[in-house]
Number of protein chains: 2
Amino acid sequence: MAVVGIGPGDAGSITPWASDVLAGAEVVFGYRTYLGLVGHLLAGKEVVPSGMREEVARAREAVARAAAGARVAVVSGGDPGVYGMAAPVLEAAAAAEVPATVVPGVTAATAAAALLGAPLGHDFAVVSLSDLLTPWSVIEKRLRAAVEADFVLVLYNPASSRRQDKWRRALVVIREGRPPETPVGIVWDAGREGERKVVCNLATAAEFPVDMRALVIIGNSQTYVANGAMITPRGYRW
Amino acid sequence: MAVVGIGPGDAGSITPWASDVLAGAEVVFGYRTYLGLVGHLLAGKEVVPSGMREEVARAREAVARAAAGARVAVVSGGDPGVYGMAAPVLEAAAAAEVPATVVPGVTAATAAAALLGAPLGHDFAVVSLSDLLTPWSVIEKRLRAAVEADFVLVLYNPASSRRQDKWRRALVVIREGRPPETPVGIVWDAGREGERKVVCNLATAAEFPVDMRALVIIGNSQTYVANGAMITPRGYRW
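Bear in mind that the values here come from a model prediction, so they are computed numbers and not experimental data. (Residues numbered from 1 in each chain as written. Chains lettered and ligands numbered in written order. Predicted model: local features only at pLDDT ≥ 70, side-chain atom pairs only at ≥ 80, totals over all residues.)

Colleague: Can you help me understand the overall build of chain A in this one?
Modeller: Of regular secondary structure, chain A possesses 7 helices and 13 strands. Relative to the 2.2 N^0.38 estimate, which gives 18 Å for 238 residues, the radius of gyration of chain A is 19 Å and therefore close to what a compact globule would have. In terms of principal-axis extent, the alpha carbons of chain A reach across some 55 × 35 × 35 Å. Per-residue burial for chain A yields a buried fraction of 56% across its 238 residues. In chain A, once contacts between residues fewer than 6 apart in sequence are set aside, the share between residues at least 24 apart is 70%. (Helix = DSSP H or I, 4+ residues; strand = E, 2+ residues; numbered from the N terminus. Rg over C-alpha atoms; globule rule 2.2 N^0.38 Å. Buried ≥ 20, exposed ≤ 12 C-beta atoms within 10 Å, placed from the backbone. Contact = placed C-beta atoms within 7 Å.)

Colleague: Even after reading the chapter, I still don't get the sheet that holds strand β7 (residues 124–128) of chain B, so can you show me in this structure?
Modeller: Across a sheet, paired strands are connected by hydrogen bonds in the backbone, their directions being either parallel or antiparallel. Strand order in the open sheet made by the 10 strands is β10(A)-β9(A)-β11(A)-β8(A)-β7(A)-β7(B)-β8(B)-β11(B)-β9(B)-β10(B), with mixed pairing throughout. The two strands at the open ends of the sheet, each matched to only one other strand, are β10 (196–201) of chain A together with β10 (196–201) of chain B. Direction aside, the axes of adjacent strands within the sheet are offset by 15° on average. The sheet contact formed by strand β7 (residues 124–128) of chain A and β7(B) spans 3 bridges and is antiparallel. Bridge pairing in β7(B) places Ala125(A) opposite Ala125(B). The sheet contacts of helix α5 (residues 108–116) of chain A involve β7, β8 (152–156), β9 (183–188), β10 and β11 (214–218) of chain A, and relative to β11(A) the element is tilted by about 70°. (Pairing = 2+ DSSP bridges. Axes fitted to C-alpha atoms, helices over the stretch in contact; angles between N-to-C directions.)

Colleague: What is the right way to read the relation of the copies chain A and chain B from this model?
Modeller: Turning one copy of the chain about an axis and sliding it along that axis gives the other copy, so a rotation and a shift relate them. By a simple turn and slide, chain A fits onto chain B: the slide is 0.0 Å along the axis, the RMSD is 0.0 Å, and the turn is 180°. The operation mapping one copy onto its partner corresponds to a two-fold rotation axis. Same-surface contact between copies: 100% of interface residues of chain A are shared with the interface of chain B. (Least-squares fit on C-alpha atoms with pLDDT ≥ 70 in both.)

Colleague: Got a minute to help me understand the nonpolar core in this structure?
Modeller: Generally speaking, soluble globular proteins have nonpolar side chains that are buried together. If you look at the biggest cluster of nonpolar residues, it comprises 174 residues, and the most contacted ones within it are Val89(A) and Val89(B). If we ignore the near neighbours within four places in the chain, the residues touching Val89(B) are Val3(B), Ala59(B), Ala62(B), Val63(B), Val74(B) and Ala100(B). (Core = buried A, V, L, I, M, F, W, Y, C linked by C-beta atoms within 7 Å.)

Colleague: When you look at the interface of chain A and chain B in this model, what are you seeing that I'm missing?
Modeller: Frequently, the measure chosen for interface size is the accessible area that the parts lose on association. Facing the 56 residues of chain A at the interface are 58 residues of chain B. Partitioning the side of chain A that touches chain B into residue classes produces 33 nonpolar, 15 polar and 8 charged. (Nonpolar A, V, L, I, M, F, W, Y, C, P; charged D, E, K, R; others polar.)

Colleague: So what exactly am I meant to see when it comes to the sheet that holds strand β6 (residues 117–118) of chain A here?
Modeller: Strand order across the open sheet formed by 3 strands is β6-β13-β12 (chain A), with mixed pairing between neighbours. Single-partner strands in this sheet number two, and they are β6 and β12 (224–226) of chain A. Two elements, β6(A) and strand β13 (residues 229–231) of chain A, share 2 bridges in a ladder whose sense is parallel. Across the sheet, Gly117(A) pairs through a bridge with Met230(A), a residue of β13(A). Relative to the sheet, helix α4 (residues 86–96) of chain B contacts β6, β12 and β13 of chain A, its axis offset from that of β13(A) by approximately 130°.

Colleague: What is the right way to read α4(B) from this model?
Modeller: Count 3.6 residues to each turn of an α-helix, and residues three or four apart come out pointing the same way. All names here are of chain B. Burial analysis of α4 places 9 of its 11 residues in the buried class, the great majority of the element. Along α4, the residues that are buried comprise Ala86, Ala87, Pro88, Val89, Leu90, Glu91, Ala92, Ala93 and Ala94. Following α4 by one or two positions, glutamate 97 has its phi on the positive side, about 55°.

Colleague: Quick question: what am I supposed to make of the domain arrangement of chain A here?
Modeller: All names here are of chain A. In terms of domains, chain A is made up of domain 1 (2–103) and domain 2 (108–231). Distance from the C-alpha centre of domain 1 to the C-alpha centre of domain 2: 28 Å. Contacts between the two partners involve 7 residues from domain 1, matched on the other side by 7 residues from domain 2. Partitioning the side of domain 1 that touches domain 2 into residue classes produces 2 nonpolar, 4 polar and 1 charged. (Domains from an automatic or database assignment.)

Colleague: How should the confidence of the model for chain A be read in this particular structure?
Modeller: Do not read the fine detail of predicted coordinates wherever pLDDT is low. Chain-level statistics for chain A give a pLDDT mean of 95 and a share of 99% at 70 or above. Listed scores for the predicted complex are pTM 0.97 and ipTM 0.96. (pLDDT = per-residue confidence, 0-100.)

Colleague: How do you make sense of the environment of Arg53(B) when you look at a structure like this?
Modeller: Secondary-structure assignment places Arg53(B) in the loop between β3 (46–50) and α3 (55–67). Sequence separation between Arg53(B) and Leu132(B) is 79 residues; the distance between their C-alpha atoms is 9.8 Å.

Colleague: Whenever I open this one, the pairing of strand β1 (residues 2–5) of chain B confuses me. Can you help?
Modeller: Working note: regular strand, side chains alternate between the two faces of the sheet. Residue and element names in this part refer to chain B. Residues of β1 alternate between two faces, with Ala2 and Val4 on one and Val3 and Gly5 on the opposite face, all of them buried. Note: β1 against strand β4 (residues 72–76), 4 bridges, orientation parallel. Residue pairing in the sheet places valine 4 in a bridge with valine 75 of β4. By the bridge criterion, 3 bridges tie β1 to strand β5 (residues 101–103) in an arrangement that is parallel. What sits directly across from valine 4, in β5, is valine 103.

Colleague: What am I meant to see in the packing of helix α6 (residues 136–148) of chain A against helix α6 (residues 136–148) of chain B here?
Modeller: Two numbers describe a pair of packed helices, the interaxial angle and the distance between the axes. Orientation of α6(A) relative to α6(B), taken along the N-to-C sense of each, is 180°, at an axis distance of 9 Å. Between α6(A) and α6(B), the angle falls in the class roughly antiparallel. Along its contact with α6(A), which presents Ala145(A), Ala146(A) and Glu148(A), the element α6(B) presents Ala145(B), Ala146(B) and Glu148(B). Its residues assigned to classes, the contact of α6(A) with α6(B) comprises 4 nonpolar, no polar and 2 charged. (Parallel < 35°, antiparallel > 145°, perpendicular 65-115°, else oblique.)

Pasting the structure below:
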């Protein structure tokens, strides 16, 4: 079985390897949203859609089908290893001793970064603001550590309908250690219908409504904006 | 002009978007190694190869050619935004007011992670151990911060012929904050000829020879190894 990253969503960003594995699969699992993005590759296959928060059950079901002899693919948006289905599927596969392959994809952080310019040109930290499975104290500690060590910061899952406050709380924490003029890029629906972006700064970022479809990149001390592009040089001019 | 990420190197991991942009280019710049990986896409084009450490000069030359009217592509391994050519090209393009697009690719961190299993299933920090442009004190501070905040760690450029000591020094710093049994994955030449990997731990990692072609992933407190795969669950079981 394989866990397949389809990239941000546009047909031009799914790799030939991922397309080939999907073409060869008999049963395809995935969130409805991601299955819709690759609908043109799924004709004639058994498709098993699921909603959010069903990752573990879906992973086990997919492994059970693979153990029973089906060629199974589990679709994941972006790269399956980054907050995607790779971990839950490999956990279930290891428990059942079923071999599983991970097919990497273009991850949301680099797809969004490309739209903004080159904000990830130097060391960066990737943090999810979702506190469903991680205590907020751990998340806040990571934000402080990343700010203090001058990492560029990539924020996944900045807010949801249930969590409207975390994005603003994260900004407060980050502003304690980084000046208000620090560039901030926000990308909504990278590589999908409705894609849009804004380059603002730490003083103004809270004005923009973020949700699960947004990805936020906060510059380090060297990041600047030129010709509309957010650029982090590859080192320090020391 | 465009900066084009070709992914780790195998033909199955270059996106259709990247292939199309290369196909439409008249002049293609890049390191010899990366140009060699996409040689089958470059027939009939003007190809401008360069060696390491010529990034700024190459970026300016590419921008000058674009400003003079040529359709220019600059090839970068993995994703061009992650320690690649996106930042130097966008810097030169902004200075010359030449429009430039970044075409994202599968970045080395996720390609290596996929080979190892799912080590990036939770928050992670990406650090280059190259101190050519960054003081070692900054690098060491970032390693300490990442360890202290329990980030999974991805190490790029762990060593070179000039820097044999930094890898061992980094391991010493990391071992101060993380137990010796912490899983460590090392991948050499992900997606290329000679690809190989090892899953070891912090106590044994120094035994393995790393170089510029290696990428190292160090687990957080939750990372474990099952059926040979390195897995970081998507949160904490609290």
